[in-house]
Amino acid sequence: MAKAKRLLQTQLSKVDLVIELCDARLPLSSRNPALNAMVSHKRRILLLCKADLAETGKTQAWLSYFKKQGIDCMAYDATPGRTKQARAFIEQAARAVIERGERRGMNKVIRAMVIGVPNVGKSTFINRLYGGSVAETGDRPGVTKSNRWVKVSSFLEVLDTPGMLWPKLNDQKAATRLAYIGTIRDAVYNQEELCVNLLEDLLTLRREETIQRYKIKNPDAEGYALLEEVCRGRGFLMKGGVLDTERACSVVLDEFRAGKVGKLTLETAPKEEAPHGTTSEDQ
Ligand SMILES: Nc1nc2c(ncn2[C@@H]2O[C@H](COP(=O)(O)OP(=O)(O)OP(=O)(O)O)[C@@H](O)[C@H]2O)c(=O)[nH]1
Ligand SMILES: [Mg+2]
């Protein structure tokens, strides 16, 4: 993180625009709290990525929430339609820079830096803007190792950056959820604990679908017993009828990450401030 922060600061002076990517399933927890201070003097836009995996209504609520805070934002997924919208959005955000160039009789090239947590889809987004495969992507965090400029059009250059994760993930719930969505390396977390947490969240948010998908007989089982329920339900058994909890973990996590449990947003946008006190309703 310290190295990534240093790299980011050295590049900031060279850019006209910062494009921040967060995950639409965890719009708050997947934003880096240190970033605000670092990029506050720059024109910035926020994309809520992987919107295809998030609940549309909740994404709308998050967009209104961020817009009320004065943050220009849009929902994004790696489809041609959304990419076209994103291109227009970038152009609009950089309009002042373009006009300055025009006044001087130059065709100013916009330089934008793409930042966000690991695995959020930064390099994929750049590939879509480019219209080909120019940046390496992968279904795991830490694929992009260094900053790299890519000229995606005659008027736009973007900087691909390594995913940045903040060192003190104090909020345990947020950290666990970032691990579900594949932001934190699997090796960092005990996979069985992570999977039990995910199953508990799924049973709260999508009770019936989860019971059916994993053929859970006792949904009130707790902790490790829940994992055993999945093994029995889905027939994940090894020789001698031993429950294959490792397999259950990888199946549950993979299915969630691939959106097979359906569109699911794990955080709810705080409601507008009520006259008396706070109204945060993060689940
Ligand atoms: N469902 C879905 N998956 C996406 C989307 N965009 C990217 N992905 C997938 O997310 C994974 C990570 O994508 P990358 O573009 O490598 O992410 P990154 O932010 O560059 O990751 P690092 O370089 O590791 O920080 C890949 O498996 C992509 O195919 C999207 O809009 N929807
Ligand atoms: Mg990358």
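What you are looking at is a predicted structure, and each value in this text was computed from that prediction instead of being measured.

What counts and what doesn't
Residues numbered from 1 in each chain as written. Chains lettered and ligands numbered in written order. Predicted model: local features only at pLDDT ≥ 70, side-chain atom pairs only at ≥ 80, totals over all residues. Heavy atoms only, no water. Salt bridge = Lys/Arg side-chain N within 4 Å of Asp/Glu carboxyl O. Helix = DSSP H or I, 4+ residues; strand = E, 2+ residues; numbered from the N terminus. Buried < 20%, exposed > 50% of the residue type's maximum accessible area, 1.4 Å probe, protein only. Near = heavy atom within 4 Å. Polar contact = N/O pair within 3.5 Å; in protein donor to acceptor, adjacent residues only side chain to side chain. Areas by Shrake-Rupley, 256 points an atom, 1.4 Å probe, with all protein chains shown as cover. 1 Å grid on protein atoms, 1.4 Å probe; cavity = no way out; pocket = protein on both sides within 12 Å on 5 of 7 lines; lining within 4 Å. Sits in = over half its atoms within 2 Å of the grid points. Nonpolar A, V, L, I, M, F, W, Y, C, P; charged D, E, K, R; others polar. Axes fitted to C-alpha atoms, helices over the stretch in contact; angles between N-to-C directions. Parallel < 35°, antiparallel > 145°, perpendicular 65-115°, else oblique. Contact = heavy atoms within 4.5 Å.

Peer 1: Residues and numbers for the pattern of salt bridges, please.
Peer 2: As enumerated under the stated definition, the model contains 19 salt bridges in all. Residue R177 is joined to D201 by a salt bridge in which the shortest nitrogen-to-oxygen separation is 3.2 Å. Pair noted here: R177 is in helix α7 (residues 172–180) and D201 is in helix α8 (residues 191–205), with a separation of 24 residues, a long-range link. Exposure class is identical for R177 and D201. Each is buried. Through salt bridges that share partners, E55, K58, R206 and E209 make up one connected network.

Peer 1: Run through the site of ligand 1, naming residues and quoting values.
Peer 2: Near ligand 1, the surroundings consist of 21 residues, among which N119, K122, T124, G142 and V143 are the closest. At a separation of 2.9 Å, an oxygen atom of ligand 1 approaches a polar backbone atom of G121. Within the complex, 84% of the 660 Å² of free accessible area of ligand 1 lies under protein. A majority-of-atoms criterion places ligand 1 in the largest pocket. Along the lines of polarity and charge, the residues of the shell around ligand 1 split into six nonpolar, nine polar and six charged.

Peer 1: Tell me what's going on with the packing of helix α4 (residues 80–93) against helix α6 (residues 122–130), and back it up with residues and numbers.
Peer 2: α6 packs onto α4 with a crossing angle of 90° between their chain directions and a minimal axis gap of 10 Å. What the angle tells us is that α4 and α6 run roughly perpendicular. Residues T83, A86, R87 and I90 of α4 pack against F125, R128 and L129 of α6. Its residues assigned to classes, the contact of α4 with α6 comprises four nonpolar, one polar and two charged.

Peer 1: Now, about unusual backbone geometry: what can you tell me, with residues and values included?
Peer 2: Despite not being glycine, K50 has its phi angle at roughly 55°, a positive value. Turning to its location among the elements, K50 is positioned in the loop between β2 (43–49) and α3 (56–68). For K50, a relative accessible area of 21% corresponds to the partly exposed category. Positive phi values are uncommon outside glycine, yet K215 reaches one of about 50°. Along the polypeptide, K215 turns up in the loop between α9 (207–213) and α10 (224–234). Exposure remark for K215: the relative accessible area of 51% places this residue in the exposed category.

Everything listed is a geometric property; what it means functionally is a separate question.
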